[in-house]
Amino acid sequence: HRVARQPSLASLDLSAKEATTGALDPRGPGLHDSPITARVALKQLAADIGADPMRVLTVDLEGQLRLGGNVEFIQAAAFHPESKACVQVFDIRQDDSPLTGHGYDEDGQERSLRSLLEDGSIVKVLHCCGGDSSALFHIYGITLRNVYDTSVGDCLCLGSGLGKPRSLLKVIRQWCGEETEMRHK
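Computed from a predicted structure; not experimentally measured.

Novice: How should I be thinking about the overall build of the protein in this particular structure?
Specialist: Check the secondary structure of the protein and you find eight helices and six strands. Mapped from its N terminus to its C terminus, the protein presents α and β elements in the order α-α-β-α-β-β-β-α-α-β-α-β-α-α. Expressed as a percentage of the 185 residues in the protein, the buried residues total 39%. Carbon and sulfur atoms make up 53% of the accessible area of the protein, which totals about 10,100 Å².

Novice: It is not clear to me how the pattern of salt bridges should be interpreted in this structure. Could you clarify?
Specialist: Two side chains that carry opposite charge are able to pair once their charged atoms sit near each other. By the definition in use, this model includes five salt bridges. Across the pair Asp-48 and Arg-27 runs a salt bridge whose closest N-O atoms are separated by 2.4 Å. On the criterion of sequence distance, the pair formed by Asp-48 in helix H3 (residues 35–51) and Arg-27 in the loop between helix H2 (16–23) and strand E1 (30–32) is long-range, its members being 21 residues apart. Side by side, Asp-48 and Arg-27 carry an identical accessibility label, which is buried. Between Arg-114 and Glu-118 there is a salt bridge, with its nearest N and O atoms 3.9 Å apart. Taken together, the positions of Arg-114 and Glu-118, both in helix H5 (residues 113–118) and four residues apart, correspond to about one turn of that helix. A single network of salt bridges, built from pairs that share partners, joins Arg-55, Arg-111 and Asp-119.

Novice: Can you walk me through the nonpolar core in this structure?
Specialist: Core analysis: the biggest nonpolar cluster contains 28 residues, and Leu-57, Phe-90, Leu-99 and Leu-117 have the highest contact counts within it. Sorting the residues of this core by element identifies H3, strand E2 (56–64), strand E3 (70–78), strand E4 (86–91), H5 and helix H6 (130–140) as the ones contributing at least two each. Setting aside anything within four residues of it in sequence, one finds Leu-117 in contact with Leu-57, Val-59, Leu-99, Lys-124, Leu-136, Ile-142, Thr-143, Leu-144 and Arg-145.

Novice: Teacher, can you tell me more about the environment of Gln-88 here?
Specialist: Assignment of secondary structure puts Gln-88 in strand E4. Put simply, Gln-88 and Ala-76 are 12 residues apart on the chain and 5.4 Å apart in space, counted from C-alpha to C-alpha. Setting aside chain neighbours within four positions, we find Gln-88 in contact with Pro-26, Arg-27, Gly-28, Gly-30, His-32, Ala-41, Leu-45, Ile-74, Gln-75 and Ala-76. Of note is the side chain of Gln-88, whose polar atom sits 2.5 Å from the side chain of His-32.

Novice: In this structure, what is going on with the pairing of E4? I would like to understand it.
Specialist: Here is the key point about a regular strand: its side chains alternate between the two faces of the sheet. With five of six residues buried, E4 lies mostly within the body of the structure. The pairing of E1 with E4 spans three bridges and is classified as parallel. Of the residues in E4, the one forming a bridge with Gly-30 is Gln-88. Across six bridges, the pairing between E3 and E4 is antiparallel. Counterpart to Ala-78 in the pairing with E4 is Cys-86.

The rules behind each value
For every chain, the first residue of the written sequence is number 1, and numbering continues from 1 onward in sequence order. Two thresholds apply to this predicted model, a pLDDT of at least 70 for residue-level local features and 80 or more for giving and counting side-chain atom pairs, whereas whole-chain, interface and lining totals are computed over all residues. To get the side-chain values, take all heavy atoms of the structure and skip hydrogens and water. By definition, any uninterrupted DSSP run of H or I lasting at least four residues is a helix, any uninterrupted run of E lasting at least two residues is a strand, and each is numbered from the N terminus. Only protein chains enter the accessibility calculation, which uses a 1.4 Å probe; a residue is then buried when its area is under 20% of its type maximum, exposed when over 50%, and partly exposed in between. Only the protein chains shown count as cover for residues, with accessible areas throughout obtained via the Shrake-Rupley method and a probe of 1.4 Å. What counts as a salt bridge is simple: a side-chain nitrogen of Lys or Arg found within 4 Å of a carboxyl oxygen of Asp or Glu. What is meant by a nonpolar core is a set of buried Ala, Val, Leu, Ile, Met, Phe, Trp, Tyr and Cys residues, joined one to another through side-chain atoms within 4.5 Å. A contact between two residues is defined here by any heavy atoms of the two lying within 4.5 Å. As used in this structure description, the phrase polar contact means that two N or O atoms lie within 3.5 Å; if the pair is within protein, one of them must be able to donate a hydrogen and the other to accept it, and residues adjacent in sequence are counted only when both atoms belong to side chains. Note: two strands are recorded as paired if DSSP finds a minimum of 2 bridges between them.

Put into structure tokens, the structure is as follows:
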């Protein structure tokens, strides 16, 4: 996946106020490796989830997603019913505050990624999320709530048994059509 990297505020010589007023596109796509840009992205994700009647957050993790492993990146997207999707990538290697919650959630105004993932009123959509949920729990103490795993849904619809998940591309092509194209650059 190739994502446009959002420049850090330090390199742009911008204040946090300028970041929230449009100097950075809060809808992304963006790669966030600092608390300042992550805050802007998380604020937009939370707003879009709140505007979505279905309250959905799609999530994918990258890294060594197992016991004793690590989380390197988290991709998250939310869909505002009247706008384009908000797509963000968080570089957890550089800044893990979105997962630890450090600096967030204290005043009830700013949501961390941790609080969004643990919020039972938000549907989290993941594919083959066993490794993702294991890594989040064992490394950060995060318990995913209200999860829809597309691989489980696919296995149940096909009657193939839960031990035989297919790739996301195969699932999308099965349910959305063969002409569906996934772009990896």
